[in-house]
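In case you want the letters, here they are:
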Amino acid sequence: MSADISGSSLPSRIASLVHAHFDALPTRSKPTIFPDGSREWIPMTGIVAVKGENTPSESLTCISVTTGAKCLPASHIPRCRGLVLHDCHAEILAIRAFNYWLLTECNSVLFREKQFPNGHDNSAPDNEKVSGSPFIQRRKLEENEDGTSKLRTEWPPFELQPDINIYMYCTCAPCGDASMELCMAAQEDATPWEVLQQEGPLPKSQDAEVPGAETLLDGRAHFSLLGVVRRKPARMDAESTRSKSCSDKLALRQVSSLLSCNTSRLVAPTENAYLAGLILPEDEISQVGCDRSFGENGRMQALRGRSWPSETKFQESTPGYRFRSFQVLSVPSEEVATLWPFAKQKSVPCPALSLEQEGDPSTPGARSSKSRPGNVSAVWILAPSYHHPSAMTMDSGSKSVPTLCRSKTGLYETIINGVKQGNRASSPGARGASSLSRAKLWALFREISPASVPRIYPADFPPAESLAGAAEIEASHVNTVQHHMPDITTYQDFKNPSSLEDPLHIRMQAIGDAKLVLKGWVPNSGDEYWALDVLVDPKKRKR
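Residues numbered from 1 in each chain as written. Predicted model: local features only at pLDDT ≥ 70, side-chain atom pairs only at ≥ 80, totals over all residues. Heavy atoms only, no water.

A. Representation of the overall build of the protein within the structure. Counting its regular elements, the protein contains 12 helices and 15 strands. The 543 residues of the protein split such that 53% are buried. Of the contacts made within the protein by residues no fewer than 6 positions apart, 73% connect residues no fewer than 24 positions apart. (Helix = DSSP H or I, 4+ residues; strand = E, 2+ residues; numbered from the N terminus. Buried < 20%, exposed > 50% of the residue type's maximum accessible area, 1.4 Å probe, protein only. Contact = heavy atoms within 4.5 Å.)

B. Summary view of helix α4 (residues 246–256). Of all 11 residues that make up α4, 10 are buried, and the element is covered over most of its length. Where α4 ends, the next residue or the one after it, Ser 257, has phi of about 75°, a positive value.

C. Layout of the side chain of Ser 179. Looking at the secondary structure, you find Ser 179 in the loop between β7 (164–170) and α3 (180–185). Residue Ser 179 is classed as buried on the basis of its relative accessible area of 9%. At 3.1 Å, the side chain of Ser 179 forms a polar contact with the backbone oxygen of Pro 174. Residues within four places of Ser 179 in sequence aside, it is in contact with Ala 173, Pro 174 and Ser 247. (Polar contact = N/O pair within 3.5 Å; in protein donor to acceptor, adjacent residues only side chain to side chain.)

D. Helix α1 (residues 10–23), seen in detail. Taking 1.5 Å per residue, 14 residues should reach 20 Å; α1 reaches 20 Å between its end C-alpha atoms and fits that length. Here α1 lies mainly inside the structure; 11 of its 14 residues are buried. The set of residues buried in α1 consists of Leu 10, Pro 11, Ser 12, Arg 13, Ile 14, Ala 15, Leu 17, Val 18, His 19, His 21 and Phe 22. (Expected span 1.5 Å × (residues − 1).)

E. How the structure looks around unusual backbone geometry. Backbone torsion omega between Trp 308 and Pro 309 reads 5°, so that peptide bond is classified as cis. Tracing the backbone shows Pro 309 in the loop between β9 (307–308) and β10 (321–322). The phi dihedral of Asn 54 falls on the positive side, at around 65°, and the residue is not glycine. Structurally, the position occupied by Asn 54 is in the loop between β1 (44–51) and β2 (59–67). Given a relative accessible area of 70%, Asn 54 falls into the exposed group.

F. Molecular detail of the state of the cysteines. The tally for this structure, following the rule as stated, stands at 0 disulfides. Cys 62 takes part in no disulfide bond, and the closest cysteine sulfur, belonging to Cys 405, lies 8.2 Å away. (Disulfide = S-S within 2.5 Å.)

G. Region of the structure containing the packing of α4 against helix α11 (residues 503–518). Where α4 contacts α11, the axes come no closer than 9 Å and their chain directions differ by 135°. Considered as vectors, α4 and α11 are oriented oblique to each other. Both α4 and α11 take part in a crossing whose hand is right-handed. Mapping the contact onto sequence places Asp 248, Ala 251, Leu 252, Arg 253, Val 255 and Ser 256 in α4 and Arg 507, Ala 510, Ile 511, Ala 514, Lys 515 and Leu 518 in α11. Of the residues contributing to the contact of α4 with α11, the split by class is 7 nonpolar, 1 polar and 4 charged. (Axes fitted to C-alpha atoms, helices over the stretch in contact; angles between N-to-C directions. Parallel < 35°, antiparallel > 145°, perpendicular 65-115°, else oblique. Left-handed = near helix turned anticlockwise from the far one by under 90°. Nonpolar A, V, L, I, M, F, W, Y, C, P; charged D, E, K, R; others polar.)

H. Local environment of the pattern of salt bridges. According to the stated counting rule, one finds 11 salt bridges in the structure shown. Arg 299 is the salt-bridge partner of Asp 177, the closest N and O atoms lying 4.0 Å from each other. With a gap of 122 residues between them, Asp 177 in the loop between β7 and α3 and Arg 299 in the loop between α5 (287–294) and β9 connect regions that are remote in the sequence. Taken as a pair, Asp 177 and Arg 299 share a single burial class, namely buried. Among the ionic pairs, Asp 248 bridges to Arg 299, the shortest N-O distance being 2.8 Å. With Asp 248 in helix α4 and Arg 299 in the loop between α5 and β9, this residue pair connects regions lying 51 residues apart in the sequence. The exposure classification of Asp 248 matches that of Arg 299, with both residues buried. (Salt bridge = Lys/Arg side-chain N within 4 Å of Asp/Glu carboxyl O.)

I. Local environment of the confidence of the model for the protein. On average, residues of the protein score 80 in pLDDT, and 72% of them reach the 70 mark or higher. Here residues 195–213 scores under 50 on pLDDT; set against residues more than four positions off or in separate chains, the count is 24 contacts. Per-residue pLDDT stays below 50 along residues 454–484; that stretch engages in 37 contacts with residues further than four places along the chain or on separate chains. (pLDDT = per-residue confidence, 0-100.)

J. The nonpolar core, seen in detail. If you look at the biggest cluster of nonpolar residues, it comprises 105 residues, and the most contacted ones within it are Ile 14, Tyr 169 and Leu 436. Looking at this core element by element, the count peaks at 12 residues for helix α2 (residues 90–115). Setting aside anything within four residues of it in sequence, one finds Ile 14 in contact with Val 48, Val 50, Leu 60, Tyr 167, Tyr 169 and Ile 279. (Core = buried A, V, L, I, M, F, W, Y, C linked by side-chain atoms within 4.5 Å.)

K. Examining the packing of aromatic side chains more closely. Inspection of every chain in the model, using the stated rule, returns 12 aromatic pairs. Relative to Phe 135, the ring of Trp 101 has its centre 5.1 Å away and its plane inclined at 80°; by these criteria the two rings are edge-to-face. Pair noted here: Trp 101 is in helix α2 and Phe 135 is in the loop between α2 and β3 (136–138), with a separation of 34 residues, a long-range link. With respect to burial, Trp 101 and Phe 135 carry one shared label: buried. Here the aromatic cluster, defined as three or more aromatic residues joined through ring pairs, consists of Trp 442, Phe 445, Tyr 491, Phe 494 and Trp 530. The ring of Phe 22 has Lys 30 lying over it, and the distance from NZ or CZ to the ring centre is 5.6 Å. The ring of Tyr 274 has Arg 324 sitting right over it, with the charged end atom 5.0 Å from the ring centre. (Phe/Tyr/Trp six-rings, centres within 6.5 Å; stacked < 30°, edge-to-face > 60°. Lys NZ or Arg CZ within 6 Å of the ring centre and 35° of its normal.)

So this is what it looks like as structure tokens:
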């Protein structure tokens, strides 16, 4: 499950671990190598948990490995019905993969608690007994003024282990604001464009043609405007998207944490639920761009010192939503070049050429028609700590890839156009839906029923001391959970709670304030009004 890679810096060890996992994937998950030696290029991202950082027992565990460079046009979103991934850029898939893993980790811990109320299997050999997950733990009991323990009634019940830090490694810079200087450097004249007085407001885009719509900048256009929200890059002749750039989505995660709306109902937003560091090849780092996009004194500086809920006393160790910056760390480019043969050619100009120009060798800077981004996205996710025989995880692909670099596989998928390979995004169905899709993640969360979340007694509450007290605690916790989980019918209801007492409402407040600071955040709406019956195969309904 884990590895202890010694002899180099932490960023290099993380990069080597992620690449080792990708290299072990089947060929069908990798970009095509053509007979003439040219290759498709694709960005790759890995999420790595570092346990006991800077200690003799430090260990690295690869949580997920993803690749991808595609996203859906805005016009396709309304027909997704929660079954098609909108954004398959590697960074975004990695975050979704991390949340999938956290849900399965919570589910496995709950399942184990039911099996072994004392915390471990007494029949197992001493060297195989495990008292808890190495990654998550139950939130601690609070103490009364008289020194006795009381149940913490706030939802959610879990948190990451305090000695865990989460790092993201990417083979190329996140698209959008953090990479604008890199785009400018690819021009014949690398001087940043001056903002001319006559430019005025943001230029109109296709979104502006929709009544009431705001402007969303193209990812590779208008270099004169920095620090603003941008749409995902695409060819200039391609239909526009409303998927925000990876730079913008990572910046938003500096406030909302890595936790999704599903996972945040189970795992508390502690300091280490936020990204500790972003690791990039050194030639993919523009320090100016990263400081502007992610730094404390950059475009997010208005949120420094704020916390949600607002009455929470600002302490780094206190769970809650706040702006938390992350480190931007480098790996020597020569080192990455030996590990990653599927990098984008540096000679490719920016902004993007039209499709016709790309294939025309007479066009200056045009690339070969065979040198283009791969359309296959690979997803590999670590298995949970404890085996859980779950119906939601049976179709996980783990049978075809049971282990990867001695890590047990929890999920393995190959995705094309937002659905599993072999299915059509134009007519989405439950069988073709990725386990990272909205519908599948919501169903996985719902599988962890409210009644199963409370345990008979807290970790610090010995069961023999007071069975009556245990029953009282369970009843209290069940009522708390049921209060925070009202009946909902659509994904829109689930994602946007109406109750002010719902902890998810606090998360939405933090996200709303962050979007105001980011300026120009246009919702990629149209895929909210569906229920979990979309996962029912209509062919199975017939008798």
